[in-house]
Amino acid sequence: MGHKFFIWIQIIRDMGLTYILFRLQYGLQRHLGVIKLRFPKKTSSELTPFITQEWEGNLGVFFQTKTSFPNVGDPFFYRITADRLKELESRIIKIRNHEYPYFVDQWFQINDWHSHPKTRYRYREDQHWSEVPEFSQEAGDIKYLWEKGRFTFLYDLIRYERHSGVDQFNIVLSHILDWIKRNPVNCGPHWVCSQEISLRVLNWIFAVKFYQNRIQEPLLLIILQSIDDQMNHVWENRSYARRLVRNNHVLTEALALYSIGILFPFFKRSNRWKEYGKTTFEQEIDFQIKSDGSYIQHSMNYHRVLLQLLTWALRLGEINEDPFSVHVYHKAQRALEFMMAMQDSITGWLPHYGPQDGALFFPLTQASFRDYRPQISSLAQILGVEISYEAGLWQEDNFWWGIKPVVPKTVTHSIPAIFNFKNGGYFVLKDSQSSTFIRCASYPTRPYQADNLHLDIWANGRNILRDAGTFNYLEGTGLARYFRGTLAHNTVQIDAFDQMLRGPRFVWSQWIKESSGEWRYEAASNAFVFYGYFVGFRQLNRRIIHRRMISKSCGKLQWWVEDWLEGVPEDMEIRQIWHPGEGYGRDWGMDSFDEAGEIIVANQERGWYASNYGSMESALQLVFTTKSRYLKTCISWNAT
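The rules behind the values
Residues numbered from 1 in each chain as written. Predicted model: local features only at pLDDT ≥ 70, side-chain atom pairs only at ≥ 80, totals over all residues. Heavy atoms only, no water. Helix = DSSP H or I, 4+ residues; strand = E, 2+ residues; numbered from the N terminus. Rg over C-alpha atoms; globule rule 2.2 N^0.38 Å. Buried < 20%, exposed > 50% of the residue type's maximum accessible area, 1.4 Å probe, protein only. Contact = heavy atoms within 4.5 Å. Areas by Shrake-Rupley, 256 points an atom, 1.4 Å probe, with all protein chains shown as cover. Lys, Arg positive; Asp, Glu negative; His and termini not counted. Charge placed at Lys NZ, Arg CZ, Asp CG, Glu CD. Core = buried A, V, L, I, M, F, W, Y, C linked by side-chain atoms within 4.5 Å. Pairing = 2+ DSSP bridges. Phe/Tyr/Trp six-rings, centres within 6.5 Å; stacked < 30°, edge-to-face > 60°. Lys NZ or Arg CZ within 6 Å of the ring centre and 35° of its normal. Salt bridge = Lys/Arg side-chain N within 4 Å of Asp/Glu carboxyl O. Axes fitted to C-alpha atoms, helices over the stretch in contact; angles between N-to-C directions. Left-handed = near helix turned anticlockwise from the far one by under 90°. Polar contact = N/O pair within 3.5 Å; in protein donor to acceptor, adjacent residues only side chain to side chain. Parallel < 35°, antiparallel > 145°, perpendicular 65-115°, else oblique. Nonpolar A, V, L, I, M, F, W, Y, C, P; charged D, E, K, R; others polar.

1. Description of the overall build of the chain
- Looking only at helices and strands, the chain has 18 helices and 20 strands in total.
- Over its C-alpha trace the chain gives a radius of gyration of 25 Å, about what one expects of a compact globule, namely 26 Å for 640 residues.
- Seen along its three principal axes, the alpha-carbon backbone of the chain occupies a region of about 85 × 65 × 45 Å.
- With 640 residues in all, the chain has 61% of them scored as buried.
- Contacts spanning at least 24 positions in sequence make up 70% of the contacts within the chain whose residues lie at least 6 apart.
- Looking at the chain as shown, the accessible area adds up to about 25,100 Å², and 51% of this sits on carbon and sulfur atoms.
- Side chains of the chain carry 72 positive and 68 negative charges; the gap between the two charge centres is 3 Å.

Written out as structure tokens, the structure is:
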């Protein structure tokens, strides 16, 4: 009891009393049934057939419609290869057979909207959304149910029609209409999360605008009524995201409100949605993107989500002569430059760092999920930022936004370059053969992982020291706890303790508040050296300091990593943890020494690696353990 009370006191200190009171108030409203009264199981404002006349003559401009595509010879024209078309066709066959993609690489055959594809638990479609179990071990991770309900599979169908000429209108329309029929207003799990609703509506917009001249009465009225109902839900629940989850959730909701407001101005609340959506989006971009371009969610994949939302917003505003503020463009460029600094120049991949739930909001190419070139190139083109990518699948993304495609260039590998993103706590060294990424941060906003001084190394296009990834967000099995904890990262643990103290679900207490780091070049040794430290493990001692120094000689694939710990209780061991990637023991290796210069033999433990959300495999985990307070480890590529 005392331990839980202490954790809650720490949570109140970290999150703030306003946050706690709003969450308690909202929870009480759900418990007492107030939410059910605020969100009745009925349409809030019934549309009339007159609205379809407005549809024909009062619509905003969209990125692409079926009749607006460029033809062969046009500089905006793009066509995928025959092999890629065949690959895409195989996906269409699966979708027609009611198989759908989940989190990148998992496919499940599901014939309805309410059955969990793994547990087969079936949610009630008549149950008010406020009573739906969100964190049920019996039901399973609710994100699996939401994944199909996002309708991102529509992009496969639309892309296939564009590239093959084979009509997909009926299957696209039937999926949308079936969802509307099976999901009454404010009932069932697909009405629980306003971000999921917003993303679904954005993806419907893409499809409805693609086929805007083919959807006729009375089906058009049914779809418009559902869009209005869903956005009314988002509107009425808008304070939840702004007060409790100020991240990509509130950005997605604001963008959906703005998009509906500007594209469909005939809804009753269209003007209010447009104004609120744009203002909120601008304010949140300013708040969520730090001055150095790093993002509030401490995640490469969520940073990509940010880029996609910015691309949609900026492009939509421009083509409708309603541009966003100059400050949004400035923050967007900083966020883009941050991602470009993190990117491996050979593969286009980024470190597998931070929470990663498989989100790719608008999958407009067949590039690998880990390849960030499609999204980076599109936003770069809108902002006028020059990039150097060789020709590849990423080019199609430009086409769908209706922007002039980026001209592929021969990649010239960078000379040694240092990137110190001190506000966000990211530090990168890049040269022609490698990229060295270190995380060293303090947390003014909620952290997701206890991973300070995590080291991620890329050599010759391979991620030789990697982050373990994210398996799922459902606590209870211990696996979600593993991936969020210190043990799943290339840093140092004290006994089996994390750097911060765990709270309920996604919450950590005793946030790390003091840290510092920097890459610098030292001419005397002709090496680049990183110096960093943080104060953590406060559950063990008030002031435990972990210092890490990394030295990389110019022109060599060799790294020396030195760790010092101060203030550790005498009876405890320190454990230097490594998660090796491809080629360990064959192409590269590592050796570790204690403060006396004695070699430390690594313990080979069973770890885990999640390449994508929901997918996990056993993996090697190396641990160097010592009672001393110093370790020095050499990581080196084997010369050939």
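2. A few points about the nonpolar core
- Ranked by internal contacts, the top residues of the largest apolar core, which has 182 residues, are F281, W312, F362 and I635.
- Among the elements that make up this core, the one with the highest residue count is helix α14 (residues 300-319) (11 residues).
- Excluding residues within four positions of it along the chain, F362 makes contact with Y155, L199, L202, N203, Q308, L309, W312, D397 and W401.
- Judged by nonpolar contacts, the second largest core, of seven residues, contains A468, Y482, F483 and W608.

3. Observations regarding the pairing of strand β18 (residues 603-612)
- Inspection of the sheet shows β18 paired to strand β19 (residues 615-626) by eight bridges, in the antiparallel sense. Counted as the bridge partner of G607 is A619 from β19.
- Between the end of β18 and the start of β19, which pair antiparallel, lie two residues, with G614 showing a positive phi angle near 85°.

4. Side note on the pairing of strand β1 (residues 99-102)
- Alignment of β1 against strand β2 (residues 106-109), held across four bridges, turns out to be antiparallel. Along β2, the bridge assignment pairs Y102 with Q106.
- A loop of three residues connects β1 with β2, the two strands running antiparallel in sequence, and F103 in this loop sits at a positive phi of about 50°.

5. Digging into the packing of aromatic side chains
- Enumeration according to the criterion identifies 54 aromatic pairs in this entry.
- Geometrically, the ring pair formed by W235 and Y276 is edge-to-face, given 5.3 Å between the ring centres and 85° between the ring planes. Note that W235 is positioned in helix α10 (residues 219-236) and Y276 in helix α13 (residues 270-288), a separation of 41 residues in sequence.
- With a relative accessible area of 5%, W235 lands in the buried category.
- Note on F361 and F362: the rings are 6.1 Å apart at their centroids and 75° apart in plane angle, and the pair reads as edge-to-face.
- Owing to a relative accessible area of 1%, F361 belongs among the buried residues under this scheme.
- Since its relative accessible area comes to 1%, F362 is described here as buried.
- In this structure an aromatic cluster arises from ring pairing among F62, F63, Y155, F206, W312, F361, F362, F399, W400 and W401.
- One residue, R238, lies across the ring of Y276, its end atom 5.6 Å from the ring centre.
- Lying over the aromatic face of Y533, R547 brings its terminal NZ or CZ to 5.4 Å of the ring centre.

6. What to know about the pattern of salt bridges
- Per the stated rule, a full pass over the model turns up 30 salt bridges.
- The salt bridge involving K331 is made with D286; its shortest N-O contact spans 3.3 Å. Separated by 45 residues along the polypeptide, K331 in helix α15 (residues 326-342) and D286 in helix α13 bring together distant segments of the chain.
- When its relative accessible area of 8% is taken as the criterion, K331 is described as buried.
- We classify D286 as partly exposed; its relative accessible area is 38%.
- R462 is paired through a salt bridge with E582; the nearest N and O atoms lie 3.5 Å apart. Note that R462 is positioned in strand β7 (residues 462-465) and E582 in the loop between β15 (574-578) and β16 (588-594), a separation of 120 residues in sequence.
- Taking relative accessible area as the criterion, E582 reaches 48% and is therefore assigned partly exposed.

7. Digging into the sheet that holds β19
- The four strands are arranged β8-β15-β19-β18 in an open sheet whose pairing can be described as antiparallel. Both outer strands of the open sheet, β8 (492-494) and β18, are each paired with one neighbouring strand and no more. This sheet shows a mean twist of 35° between the axes of neighbouring strands, independent of strand direction.
- The sheet contact formed by β15 and β19 spans five bridges and is antiparallel. The residue bridging W578 from the neighbouring strand is L622, located in β19.

8. Digging into the sheet that holds strand β3 (residues 417-421)
- Here we have five strands laid out as an open sheet, ordered β3-β4-β5-β6-β7, and antiparallel in their pairing. Of all strands in the sheet, those bounded by a partner on one side alone are β3 and β7. Put simply, the sheet's adjacent strands are angled 15° from each other on average, direction ignored.
- Bridge count between β3 and strand β4 (residues 426-430): five bridges; the pairing is antiparallel. Across the sheet, the residue bridging to A417 is K430, located in β4.
- The sheet contacts of α15 involve β3, β4 and β5 (434-439), and relative to β4 the element is tilted by about 50°.

9. Side note on the packing of α14 against α15
- Remark: α14 packs on α15, axes separated minimally by 10 Å, with the N-to-C direction vectors making an angle of 140°. Crossing angle aside, the handedness with which α14 passes α15 is left-handed. Judged by residue contacts, M300, H303, R304, L306, L307, L310, L314 and E318 of α14 engage V328, Y329, A332, A335, L336, F338, M339 and M342 from α15.

10. A look at the environment of K274
- Structurally, the position occupied by K274 is in helix α13.
- Between the alpha carbons of K274 and R30 there is a distance of 29 Å; along the sequence they are 244 residues apart.
- Once residues within four sequence positions are removed from consideration, K274 is found in contact with L257, Y258, G261, I262 and D322.

11. Focus: the side chain of D563
- Its location among the elements puts D563 in strand β14 (residues 558-566).
- Side chain to side chain, D563 and R548 meet in a polar contact 2.7 Å long.
- In this structure D563 touches V492, H546, R547, R548, Q576, R629, Y630 and L631, once residues within four positions along its chain are discounted.

12. Section: the packing of α15 against helix α16 (residues 373-383)
- Taken N-terminus to C-terminus, the directions of α15 and α16 make an angle of 140°; their axes are 10 Å apart at the nearest point. The orientation of α15 with respect to α16, classified from their angle, is oblique. Seen along the crossing, α15 lies across α16 with a hand that is left-handed. Counted together, Y329, A332, Q333, L336, M339 and M340 of α15 and I376, L379, A380 and L383 of α16 form the full contact between these two elements.
- For the contact of α15 with α16, the per-class residue count stands at nine nonpolar, one polar and no charged.

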